[in-house]
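Below are the chains, spelled out letter by letter.
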Amino acid sequence: MDSSMVTAPVILSLAKWLEQTPIALVVRESLWGFQITVAAHVLGMILSVGTVVWLDFRLLGLSMRRVPVSVVYRQLMPWAGAGFLVMVVTGTMLLLAYASAAYANPYFRAKVVMLTLAGVNALVYHTTIERRIAQWNTLARPPLAARVAGLCSVILWASVILAGRMTAYTLY
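The present account deals with the structure reproduced in this document. What you see is a predicted model, and the numbers here were worked out from it, not measured in a lab.

**Regarding the side chain of lysine 111**
So, step 1. Among the secondary structure elements, lysine 111 is positioned in helix α6 (residues 106-129).
So, step 2. With no salt bridge to any partner, buried lysine 111 finds its closest opposite charge in glutamate 19, at an N-O distance of 15 Å.
So, step 3. Leave out the neighbours within four places in its chain, and lysine 111 touches His41, Val160, Ala163 and Gly164.

Take a look at the structure:
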């Protein structure tokens, strides 16, 4: 027997159980639960992805060229972190409410892949490229590796947002 044939029913059973949790029921069945959760998710996304894209544009050498990358990072990342926390909490709430539909949705699966790749991109940047920041921190145009990381980040976050919107439009 194929392992995916065993895994799929287990995951679907877990998804159905998650949809019966108190948080899922509030989001899905209360008068304003879904609307408030989605609104907070979008605001968290604006705060998080919006500020990360500012840093990415600096890495690409497209904006704030006279400001050291480390200064841009220190100024923006607390805001990005707060937005990311809101996004994770509200995204989890939405997933709980619609876990079965999300499991079957190809756009949701694409979103998860793109989120994972965005995380890997950030990890690679912070563990390799950023370690040499003293050499290029004040350059108007950072080195190719930093620019590639910035471009990948912009593309991946745009893909996450697009896949997320497509998930919402095709969830039912």
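**Observations regarding the pattern of salt bridges**
Any two side chains of opposite charge can pair, on the condition that their charged atoms come close.
So, step 1. If you walk through the whole model with that rule in mind, you get 1 salt bridge.
So, step 2. Note that glutamate 29 is salt-bridged to arginine 28, the shortest N-O span being 3.7 Å.
So, step 3. When its relative accessible area of 59% is taken as the criterion, glutamate 29 is described as exposed.

**Considering helix α3 (residues 33-59)**
So, step 1. Taking 1.5 Å of rise per residue, 27 residues should cover 39 Å, and α3 covers 38 Å from first to last C-alpha, within 8% of that figure.
So, step 2. Two residues or fewer past α3, glycine 61 is found with a positive phi of approximately 80 degrees.

**A few points about the packing of α6 against helix α8 (residues 144-169)**
So, step 1. Direction vectors running N to C along α6 and α8 enclose 160 degrees, while the axes themselves pass 8 Å from each other. In terms of axis orientation, α6 runs roughly antiparallel to α8. Where α6 crosses over α8, the two elements pack in a sense that is left-handed.
So, step 2. Looking at the contact of α6 with α8 residue by residue, the class counts come to 18 nonpolar, 5 polar and 1 charged.

**Description of the packing of aromatic side chains**
So, step 1. Evaluated as defined, the whole model comprises 1 aromatic pair.
So, step 2. Sitting above the plane of the tyrosine 103 ring, arginine 109 keeps its charged end 4.8 Å from the centroid.

**Quick notes on helix α4 (residues 69-97)**
So, step 1. The end-to-end C-alpha separation of α4 is 40 Å, in line with the 42 Å expected for 29 residues at 1.5 Å each.
So, step 2. Helix geometry: α4 is bent most strongly at leucine 76, by close to 40 degrees, with proline proline 78 lying one to four residues after it.
So, step 3. Listing the buried residues of α4 in full gives Val69, Ser70, Val72, Leu76, Ala80, Gly83, Met87, Thr90, Leu94, Leu96 and Ala97.

**With respect to the environment of isoleucine 161**
So, step 1. Secondary-structure assignment places isoleucine 161 in helix α8.
So, step 2. You can call isoleucine 161 partly exposed: its relative accessible area is 29%.
So, step 3. Sequence separation between isoleucine 161 and valine 42 is 119 residues; the distance between their C-alpha atoms is 9.7 Å.

**Topic: unusual backbone geometry**
So, step 1. Not every positive phi belongs to a glycine, and methionine 64 is a case in point at roughly 50 degrees.
So, step 2. Turning to its location among the elements, methionine 64 is positioned in the loop between α3 and α4.
So, step 3. For methionine 64, a relative accessible area of 34% puts it in the partly exposed group.

Parameters and conventions
Each chain carries its own residue numbering, running from 1 in the direction its sequence is written. Residues qualify for local features only when their pLDDT is at least 70, as the model is predicted, and side-chain atom pairs are given and counted only at 80 or more; totals for whole chains, interfaces and linings, by contrast, use all residues. Based on all heavy atoms of the structure, the side-chain values leave hydrogens and waters out of the count. Secondary structure follows DSSP: runs of H or I at least 4 residues long count as helices, runs of E at least 2 residues long count as strands, and numbering of each begins at the N terminus. Using a 1.4 Å probe on the protein chains alone, a residue whose accessible area is under 20% of its type maximum counts as buried, one over 50% counts as exposed, and one in between counts as partly exposed. In this count, Lys and Arg are taken as positive residues and Asp and Glu as negative ones, while His and the chain termini are left out. Basic side-chain nitrogens of Lys or Arg form a salt bridge, by our definition, when they fall within 4 Å of a carboxyl oxygen of Asp or Glu. Any two residues having at least one pair of non-hydrogen atoms within 4.5 Å are treated as being in contact. A helix is expected to reach a length of 1.5 Å times the quantity of its residues less one. Axis lines are fitted to C-alpha atoms, over the contacting stretch for helices. Their N-to-C directions set the angle, which ranges from 0 to 180 degrees. Roughly parallel means an angle under 35 degrees; roughly antiparallel means over 145; roughly perpendicular covers 65 to 115; every other angle is labelled oblique. Put simply, a crossing is left-handed when the front helix is turned counterclockwise from the back one by less than a right angle, and right-handed when it is turned clockwise. Three residue categories are used. Nonpolar comprises Ala, Val, Leu, Ile, Met, Phe, Trp, Tyr, Cys and Pro, charged comprises Asp, Glu, Lys and Arg, and polar comprises the others, including Gly. Only centres within 6.5 Å qualify two rings of Phe, Tyr or Trp (six-membered ring in Trp) as a pair; their planes then separate them into stacked at under 30 degrees, edge-to-face at over 60, and tilted for everything else. By definition here, charges over rings are those cases where NZ of Lys or CZ of Arg is within 6 Å of the ring centre and within 35 degrees of the ring normal. What we call the bend at a residue is the angle made by axes fitted to the seven residues finishing there and the seven residues starting there.

Bear in mind that shape data such as this cannot, by itself, settle questions of function.
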